[in-house]
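Commentary on secondary and tertiary structure
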Amino acid sequence: MDLEEIKPVEGCSEELKVALQGFRDNVTESYTTGSRRWSIWSLLGDHFDQPLELLLNTNGAENFFQGERFSAFCKRTSFDEADLYLSSIFKKYNARLRAADIDILRSVISFCDDRRPMKISSYYFSKTRSPYYRKGGRPPFCELCWKRSQAHQELHDGEKLSLKTERFCADHDPRNPDSMYRTDHNNRKAFYDNLRTITRTGYYYNITDFEQRQHSRWVAYRMTKLHIRDKDIAVMDLLMDGFSQSEIARKLGASRQNISKIKMKTEGFIEYWREIRTSSYPIDPEDLAVWENFDQADPD
C-alpha cells in the first residue's frame, strides 16, 4: 500500500484524522518493521496510541485491543489476524465506534505490514511458500481484473510448477497479442480507483477473505467497463437520496442533459450500488438477496 492511499475517510473522528496526518507527515522510506532506529512501530505509537486510547475510552471501548496499546497490538499480530480481529470485534462496538475509524486503522495496519524488510528468495521457492501469497505478499489476482494470475491458477489446480506469470491472468497476458492486456492496461488507474471506492464503503468488511476480495474486484472491473467514474458515483448517490436531475445538475454544476446521460449509463448498475452503499456495516455479501441473480459472466 502506498502512503498516498492512507488518508482520512469521510466521517472519521477528528482524533484519528489528526493522528493520521501526523503519521503521514513523519514517516519516511527508512521506517520498517525490522529497524531499531527507524521502527515504524515506534512511530505508530507516537501518533496513534494516545489519541486512539482517548477515543476508545470516550466511547466505552477500553478493551478494544485486549488491554494493549494499538502499536503493541499491531507489532505482535500479523496483518491477516489483525484484520480478522477488527472485523469481529467491531460487531460488538458498532453502535459506539464509527466504521470510518475502523477503515483508517485497517489501512494503517496494511501500510505498516508492507514496510517489512525485503527478503530475497528464488522464484521457485517463492512460488511454493504459500498457495495464495508469494514473493513477500503479492495478491493472487491478475493486476487488471478479478481472476487468478496464471501462476496462482497453476498452484490452485495442483499443476506442476512452471514460469507462468504471477501478475496477469491468461486473458491479460502481455505476451499474447490477442489478449485484453492493451485494452485494460489503459484503464488500470480507473480500475483501482473504483476498487478503493468500493472497499471504503465497508460492504466488503473482511478484506482477507478470498471470495470477498474477488467479488469486490469483479464489481470494480464491471464499473470500469461501464466507464463509471467519480462524477458518475456522485450522481448515483444523489439519485438514491431522492434528488431530481435538475437539482443534481445545479449541485454539480453540470447540464441536465449531462446528468440524464449519466443516469442512463448507470441504470444497470445503480441497484447494486444502492446495496453496497446502504447496507449495514459490517455485512457478509453472501447473505444479501440482491446478489442471488448477479451475473457472474464477463462484464464485456
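Refer to the structure printed above.
Reference entry: report on the structure contained in this document. (Residues numbered from 1 in each chain as written. Predicted model: local features only at pLDDT ≥ 70, side-chain atom pairs only at ≥ 80, totals over all residues. Heavy atoms only, no water.)

What about the pattern of salt bridges?
All told, the structure shown has 13 salt bridges when counted by the stated rule. For D184, the salt bridge goes to K225, with nearest N and O atoms at 2.9 Å. Note that D184 is positioned in helix α8 (residues 181-185) and K225 in helix α10 (residues 210-225), a separation of 41 residues in sequence. Take D184: its relative accessible area is 5%, and that puts it in the buried class. Close ionic contact of D193 with R196 constitutes a salt bridge, the shortest N to O distance being 2.7 Å. In this pair, D193 and R196 both sit in helix α9 (residues 188-199), three residues apart, roughly one turn of the helix. (Salt bridge = Lys/Arg side-chain N within 4 Å of Asp/Glu carboxyl O. Helix = DSSP H or I, 4+ residues; strand = E, 2+ residues; numbered from the N terminus. Buried < 20%, exposed > 50% of the residue type's maximum accessible area, 1.4 Å probe, protein only.)

Notes on the packing of helix α4 (residues 79-93) against helix α5 (residues 99-113)
Packing of α4 against α5 brings their axes to within 10 Å, and their N-to-C directions diverge by 170°. Considered as vectors, α4 and α5 are oriented roughly antiparallel to each other. Here F79, A82, D83, L86, S87 and F90 of α4 lie close against α5, whose contacting residues are A99, I102, L105, R106, I109, S110 and D113. (Axes fitted to C-alpha atoms, helices over the stretch in contact; angles between N-to-C directions. Parallel < 35°, antiparallel > 145°, perpendicular 65-115°, else oblique. Contact = heavy atoms within 4.5 Å.)

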